[in-house]
Amino acid sequence: MKNISTIALREFSVYFQSLIGYLYIIIFLLISVGLYMTPFFTFPVADMRGFFGSLPLILCIFVPAVTMRLWAEERKENTFEMLLTFPMKTYEIVLGKFISSLGFYAISIAGTIVIPLMLAFLGKPDGGQIFTSYVGAILLGSMLLALGIFISGLCKDQITAFIVTLLVAIAMFLLGTDFFQTYIDGVFTGFGSLVGEIFGFLPHYESFEMGILELTHVFYFISWTVLFLFFNGFFLEIRNRPQMKITFSAALALILAIGLLINWILTDLQLGRIDMTEGKVHTISEGTNTILAKLKVPVNLKVYITPKDKMPTEMKTLERDIVDKLKELRFSSKGMLNYDVIYMEASNIMEDDEQEQPKDEKEEAIEKRMLDKGVKPFSAQSIREDSVVNVLVYSSIGIAYKELKEELIPQIVPQNLHELEYLIMSNIYKMTRDKTPIVAMVAPKDAFNINPMMKKIYMQMGKPIPESDDPYTYLEEILKYEKYDVERIDLTAESPLPDNFDTLVVVNPRSLNDRQKYEINKALVSGKNVFLAVQKYMWNYQIQSGRVNVTRQEESPQIDELLKTYGVTISDDILMDVNHQPLSVSDPSNPFASLLGGGITLNLPMQILLGNSSMNQDVSITSRLSNLFYLWGTALNVDNDTIKKNNLTLTTLMHTSDKAWTIPSSVTLTKESFNEPADGFKQFPVSVIISGQFPDAYKDKPLPKWPADGTQEQSEPPQDIKEEVKSAPGKLILIGGTQMFKKELIHKNTLDFYLNSVDALTMGEDLIKIRAKQIVDRTIPMPSNTVKAFWKFFNYILINALVAFIGVSIIMRKKRSREAYTASYNRGGGYEK
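This section reports on the structure supplied with the text. (Residues numbered from 1 in each chain as written. Predicted model: local features only at pLDDT ≥ 70, side-chain atom pairs only at ≥ 80, totals over all residues. Heavy atoms only, no water.)

### Focus on the packing of helix α10 (residues 178-187) against helix α11 (residues 191-199)
It is the contact of α10 with α11, at a shortest axis distance of 6 Å, that shows an interaxial angle of 140°. In this structure, α10 contributes Gln 181, Ile 184 and Asp 185 to the contact, and α11 contributes Phe 191, Gly 192, Ser 193 and Gly 196. Residue composition of the contact of α10 with α11, by class: 2 nonpolar, 4 polar and 1 charged. (Axes fitted to C-alpha atoms, helices over the stretch in contact; angles between N-to-C directions. Helix = DSSP H or I, 4+ residues; strand = E, 2+ residues; numbered from the N terminus. Contact = heavy atoms within 4.5 Å. Nonpolar A, V, L, I, M, F, W, Y, C, P; charged D, E, K, R; others polar.)

### Details of the nonpolar core
In terms of nonpolar packing, the biggest core is built from 97 residues, with Ile 322, Ile 397, Ile 424, Phe 531, Phe 741 and Tyr 754 touching the most fellow members. At 8 residues, the largest contribution of residues to this core is made by helix α19 (residues 420-431). Apart from residues no more than four positions distant in its own chain, Ile 424 is found in contact with Leu 301, Leu 326, Leu 329, Ile 397, Ile 399 and Ile 409. The next biggest cluster of nonpolar side chains, apart from the first, holds 79 residues, and it includes Phe 51, Leu 119, Phe 208 and Phe 231. (Core = buried A, V, L, I, M, F, W, Y, C linked by side-chain atoms within 4.5 Å. Buried < 20%, exposed > 50% of the residue type's maximum accessible area, 1.4 Å probe, protein only.)

### Comments concerning unusual backbone geometry
Excluding glycine, most residues fall at negative phi; most peptide bonds, likewise, are trans. Of note in this structure, Lys 402 is not a glycine but carries a positive phi near 50°. Position of Lys 402 relative to the elements: it lies in the loop between β7 (395-401) and β8 (407-409). Residue classification places Lys 402 among the exposed positions, given a relative accessible area of 54%.

### Here's the deal with the packing of aromatic side chains
In this structure the tally under the stated criterion is 32 aromatic pairs. Ring geometry for Phe 531 and Tyr 754: centres 5.7 Å apart, planes at 80°, overall edge-to-face. Here the residue Phe 531 occupies a position in strand β14 (residues 529-533), and Tyr 754 occupies one in helix α26 (residues 748-763), the gap between them amounting to 223 residues. Taken individually, Phe 531 and Tyr 754 each receive the classification buried, so the pair is uniform in this respect. Look at Trp 791 and Phe 794: their rings are 5.4 Å apart centre to centre, the planes differ by 75°, and that puts the pair in the edge-to-face class. With Trp 791 and Phe 794 both in helix α28 (residues 785-827) and 3 residues apart, this pair spans about one turn of that helix. (Phe/Tyr/Trp six-rings, centres within 6.5 Å; stacked < 30°, edge-to-face > 60°.)

### Here's the deal with the sheet that holds strand β4 (residues 337-343)
Pairing is mixed across the open sheet formed by 4 strands, whose spatial order is β4-β3-β7-β8. Every other strand in the sheet has two partners, leaving β4 and β8 as the edge strands with one partner each. Averaged over all pairs of adjacent strands, the angle between strand axes in this sheet comes to 20°, irrespective of strand direction. Bridge analysis of strand β3 (residues 299-305) against β7 gives 7 bridges, and the strand direction is antiparallel. What sits directly across from Lys 302, in β7, is Gly 398. Strand contacts of α19: β3, β4, β7 and β8, with the helix running at about 25° to β7, the strand carrying the most contacts. (Pairing = 2+ DSSP bridges.)

Below is the structure:
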């Protein structure tokens, strides 16, 4: 170890004997940090995947510059032979040089720590993912450093060593890219993927970017680092033995072949991994383990997939990724979940049709038999030579349980692999229930306004003219897709609540009558669960002569009287927030602008944007949600005394930012209304969940009659006798806005909140925990210009100025030390003294 440390310190000090080493670090930081920072404030996100995604290509250029001198300079200065005559073993010299270069590289990488610091200050980055990315960067750098040291030992000058190392490193980078593999596969089928798996380092590096420490990939980088260092030492041992050159070449080829073989084997091998991401998004969730533990009868899965060699290049790893997930599920289920892989090719369907044998004498292809079950191929793009073609492939999963019909998950592609666990477990959970969950949904439909021309077209096509437009159709469709039995009702005498429903969904109620409020109250008191979304008002934006008129439209849900009994109401005040989102409004006076997607952009504080920081991280319904467009929503008024008196539990699911304010509804809006209020900003709840035994708001009241015409007026005196309601604890999720649920504005995040809410009310939180296992949108609220300027100065100038200052200080100190020594030597008379 003493010899290794001696060489390491000697070589390490060489990097900093002049300003060249410091310039290397500054240039590396300017390029790597600069590429990340340049677009950062255009759309700020607390995520470093962009930085680590560009790092491999930067290292392919930076590392050769670091290693080119390690052996080539020894040859140039004629110290090569002298160094090897030292009483040291060859491997000690090689390791010493490697450690010195690794130390220099580590210092360079450490300079980028300013980015995580900035992200931690501005947002909430995933610390585990950043940590594994840095581990991957160190391992990749180590392998390229070992490669550079080996090539430097083969070359007689630094420039040659730099160019050769650069070419080899970039070749290894390109061979790991999908584009390069796809292009080669288009010419030689399967060859590009094979070469990429053996030589390319990018697929091994990408798992670290995802936040996973996978032992297979760790072993890949360590093994190649060791091999390159071994090659370097082996070459130095036989450098002066001409008769050993053939032996060296043969040994080099043999060891390289063994290394490539090991790398190819490791491609489809799992040795274990550690998921370091926040929320363990790449690990089987707790909800999955709970569902699988309850299985009493085995579940059988069948993977219908095209063979790997017939898949497009970008889908060649799809089977491996699916099977890896199924292996985890099988292990977690303790044998209650099993799977089989069935290979299918679309060409077999056509070949079977072309057969001229009698039908009873031939065996029908499995592909054709599976068509009746819904297993069909789908089109995927593939590059063949210099053109893009569409190929038909299979990638589906069938789920069989008891005698039930096999449920099919169609078209599993790399883009939706992150949803695979939820897709499988949601089907298993709903198939193993005693009955299909029933959701009663109450949501208004708007009158369908159709122009005369469209009316004629409908008539000519023989299609019925739509009588109404359903703005909340996606809420119904998504529940049906999730295997819920949805019954759309009007909550009237003719369309009442169904028997044995599990959850009641009420969206945008309008002018509820007493009987409708009684039915909602009855559901809560009897232990049913209710999702209630209420809109108090809307805003109409009208553009006239380039000016925007904003008018308020009351919705009048008339439900506050009932909610007040439980301890919560919908505020009548206008809610505003500094954190809001622009909205584009078309100008009817300029039809061309409307056709081109133009219009006037309104950036009003009523267009509230609820960020990740507005979500309750302790509740599974909202813990992994990101931005939610709370358009024209209102705040909730919570009466804690009433909540406590009723022995209910209230939990806030979402709230505004801490820079929100309200304006009384009676006040006319002016420009000053959008300014910071005199009494300062506040934070307001906008969605809550209340659980417990709800009080009966109609306990001492007669049973309301159904109105004959749907109005508040009752056609007959109320009955004196009410049906007895058996009390049981229930749950209510309340949100003060409905615009976000309309089909014109609905977003994935909104659907996630809606599904999480219905799942939590109907089936518990197991499925939510699985669905919540996704990459969080870590968008950062746009910082002020002052904050932007500070971090740009910090990243672009300050850190590089600090490196330059340290470098100049050390160089000047060494210079003064040498001058002092020379002066002392001269004063003492040289060696004679």
